[in-house]
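In case you want the letters, here they are:
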Amino acid sequence: MVPPLRNTLTQLVRVPARVWLLLLVASAVIAVAVRPAARWSIALATDRANGVAATPTGFAALLGDPIALAGIATAAGLTLAATLGWGVLVLTVADLQLAGEPLSVRAAARGTLASARRFLRPGVVVTGLQLAVLQPLAGIAVFAPLTGGLAVPPFIGREFLKAPLSATLWCTLAALVVFVSLRLILAPAFTIVAGQGPAAGIIASLRATRRGGLAVAGQVTVLLAGSTIVNSLVIQTSTALMRLVPSVRVQEAVDVLPVLVLSALSVVVAQAVALSLVGTVRATVGRPPAVNERVHVRRSASGRLVAVGMVVTLGCSMLLVPSPAVSRPAVPPSVVGSEGGASVIAHRGHDRGGPENTIAGLEAAAALHADRVEVDVQQTRDGTFVASHDTNLLVLAGRDEDIPNMSTAAVTSTTVRMHGHADTIPTMTAYVERARQLGMPLLIELKVTAATNGGSVRDLFAQLDRVGLPPGTWFHSLDPTVVHEMLEQHPEHRVGLTVGPHVGPLPELPVDFYAVEQASITSAMIRRAHRDGRAVYAWTANSDVRIRVLLRAGLDGVITDRPVATRSLVAGIARESPGAPGALRDQLSLRWLVS
């Protein structure tokens, strides 16, 4: 039985100030000590491996170095310890509160240590993964202080959502993650309340949520939705107030205040969810919550402690918030967009005007005045290049056939459908010729497939020479070997490396630019690339907040499905003055709302 929401909120208000101080300090310690240590360990590992891409080769390089492996193991251990420690603390506080026992810092600390020992049994890793991975993926990140922003990269979802069948599969998988997360959500609380081991807690949670799962999910959803609304109000209010501060230096000094408020709110939400879960478990095991009418805390002492705690948390927050005034490095003239800002590159054309990588999609992107169009090309069985991203035609054409095993005639007679539009797959030369007629520069990506061989790069340019390239056309590929061949055979062209999900330094190649998966890009990555004279482009960036943050960090261009909206964002950032309130809003939104 789930306790009424008003009971949960009433118990939340009755948590003593000293205990709130303990929670705030614990949260701050994780933020300023554990999180940097975990990041340093990951940085050590990725530096040893010269950057790690989410590929079998990248993971092999990481696991093949003992120091890198030790760094990853340390980061994983710190993450598991911080996640379990934080979860045990807030759940223990909730259990003591609902038990009606005098709640003090000493009682909370003792109870947390006693509860932590119960988790040191078989199943603890599963519980840790549940809290640190599964629940954040389901949108429940209150017990994940280091992995709260964990999410599936947007480009994966985009690929699934291209067609009804794959979109249905994607939605089913997402629903399954949420379903499993909610079925297991009571497991840690059972360990705290009933003294069961982690494995037994998982079984108890599955049983308890068999019938009452919807009620549990409903109350947790209400609490999380409420926190999102409050966070949005704090962000909007702080942005409005910042406009009243005339000095940029003063703005930079006070912009930490909303971070302090949002950090404190995240602690409050975590405790509220913990009270809801523990209250449900206590009712399930026959220990209904007791009402503690009297809080045994001296007001004067607790007031001083809270003041000290706020100062500590404020200092910790100052170490966490990035400055909103990010200077934008000068962009080389060759990569400047048509309006003087970052380049806007239409991703595979414009799929709302025609299927991706088709001439209809190209024409739609040209009509929207993109700076250039990104197109994927790959070889057929007879060596001709066609414009297509997918190797298999099942998603867009309903045919379970692979392009490398098909003739050119078979491929180009295939109709692909996307977002209500249909067109045939064009040859690369037909696509390029139409782009030249439209005066549209291209960003051509050579896809490496089963048909790719040692002569593929030579064949690519030979076929392009027969039709002529639109001026300003660039090339890139995910395969470093192909990129090397392009650079050696055609140094007159601008050539870049496509980088998928990546952690650490970018691969050291003599390229002109990097096209990096947007969630992997950091300010340090952009600065390092610019220092080496290389541009950085983000793919596939569609979030307004994310695009603005990356543009302020000096991003050179955006590969996007939304060229018109992105053009407006680029123009807005170009007019923005350093330290603008919008920068603070976006940084806060990216941390507390988007991710």
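Structure's up top.
Nothing here was measured: the structure is a model prediction, and the numbers come from that model. (Residues numbered from 1 in each chain as written. Predicted model: local features only at pLDDT ≥ 70, side-chain atom pairs only at ≥ 80, totals over all residues. Heavy atoms only, no water.)

## Some words on the overall build of the protein
Within the protein one finds 23 helices and 13 strands. Relative to its 595 residues, the protein shows a buried fraction of 50%. For the protein, the share of sequence-separated contacts (at least 6 apart) that also reach a separation of at least 24 residues comes to 69%. Here the protein displays about 25,900 Å² of accessible surface, and carbon together with sulfur accounts for 62% of that area. (Helix = DSSP H or I, 4+ residues; strand = E, 2+ residues; numbered from the N terminus. Buried < 20%, exposed > 50% of the residue type's maximum accessible area, 1.4 Å probe, protein only. Contact = heavy atoms within 4.5 Å. Areas by Shrake-Rupley, 256 points an atom, 1.4 Å probe, with all protein chains shown as cover.)

## Considerations on the packing of helix α6 (residues 124-137) against helix α8 (residues 164-183)
One can describe the packing of α6 onto α8 by two numbers: an axis separation of 8 Å at closest approach and a directional angle of 135°. Between α6 and α8, the angle is such that the two are oblique. The two elements α6 and α8 cross, and the hand of that crossing is left-handed. Along the contact surface, α6 presents Leu 134, Gln 135 and Leu 137, while α8 presents Val 177, Val 180 and Ser 181. (Axes fitted to C-alpha atoms, helices over the stretch in contact; angles between N-to-C directions. Parallel < 35°, antiparallel > 145°, perpendicular 65-115°, else oblique. Left-handed = near helix turned anticlockwise from the far one by under 90°.)

## Digging into the environment of Gly 353
With respect to the secondary-structure elements, Gly 353 resides in the loop between β2 (343-347) and α14 (359-367). Separated by 67 residues in sequence, Gly 353 and Gly 420 have C-alpha atoms that sit 9.0 Å apart. With sequence-adjacent residues up to four places away left out, Gly 353 is seen in contact with Ala 360, Ala 364 and His 421.

## Overview of the packing of aromatic side chains
Applying the stated criterion across every chain yields a total of six aromatic pairs. Taking 5.0 Å as the distance between ring centres and 25° as the angle between the ring planes, the aromatic pair formed by Phe 160 and Trp 170 counts as stacked. Here Trp 170 lies in helix α8 and Phe 160 lies in helix α7 (residues 154-160), a separation of 10 residues in the sequence. Looking at Phe 160, the relative accessible area reads 25%, which means it is partly exposed. On the basis of relative accessible area, Trp 170 is assigned to the partly exposed category, the value being 22%. Here Trp 474 and Tyr 537 contribute two aromatic rings whose centre-to-centre distance is 5.6 Å and whose plane-to-plane angle is 45°, an arrangement assigned as tilted. Of this pair, Trp 474 sits in strand β8 (residues 474-477) while Tyr 537 sits in strand β12 (residues 535-539); the two residues are 63 residues apart in sequence, bridging distant segments of the chain. (Phe/Tyr/Trp six-rings, centres within 6.5 Å; stacked < 30°, edge-to-face > 60°.)

## A closer look at helix α12 (residues 256-284)
Helix length check: α12, at 29 residues, gives a terminal C-alpha distance of 42 Å against a target of 42 Å (1.5 Å per residue), a fit within 8%. Burial of α12 is extensive: 21 of the 29 residues sit out of reach of the surface. Trailing α12 by a residue or two, Gly 286 shows a phi angle of about 85°, which is positive. (Expected span 1.5 Å × (residues − 1).)

## Details of the pattern of salt bridges
By the definition in use, this model includes 20 salt bridges. Measuring nitrogen to oxygen at the nearest pair gives 3.7 Å for the salt bridge that ties Arg 531 to Asp 532. Here the residues in one salt-bridge network are Arg 158, Glu 159, Lys 162, Arg 348, Asp 351, Arg 352, Glu 356, Asp 376, Asp 390 and Asp 561, joined through shared partners. (Salt bridge = Lys/Arg side-chain N within 4 Å of Asp/Glu carboxyl O.)

## Remarks on the nonpolar core
Counting 54 residues, the largest nonpolar core has Leu 460, Met 486, Ile 521 and Leu 555 as its most contacted members. With 50 residues, the next largest nonpolar core counts Val 93, Val 124, Ile 140 and Leu 223 among its residues. (Core = buried A, V, L, I, M, F, W, Y, C linked by side-chain atoms within 4.5 Å.)

## Describing unusual backbone geometry
Backbone geometry at Asn 357 places phi at a positive 60°, although glycine is not the residue there. Residue placement: Asn 357 occurs in the loop between β2 and α14. What makes Asn 357 buried here is its relative accessible area of 1%. Its identity is not glycine, yet His 419 carries a phi of approximately 55°, on the positive side. Summarising the element assignment, His 419 is placed in the loop between β5 (415-418) and β6 (421-424).

As far as function goes, none of this settles anything; it's purely spatial.
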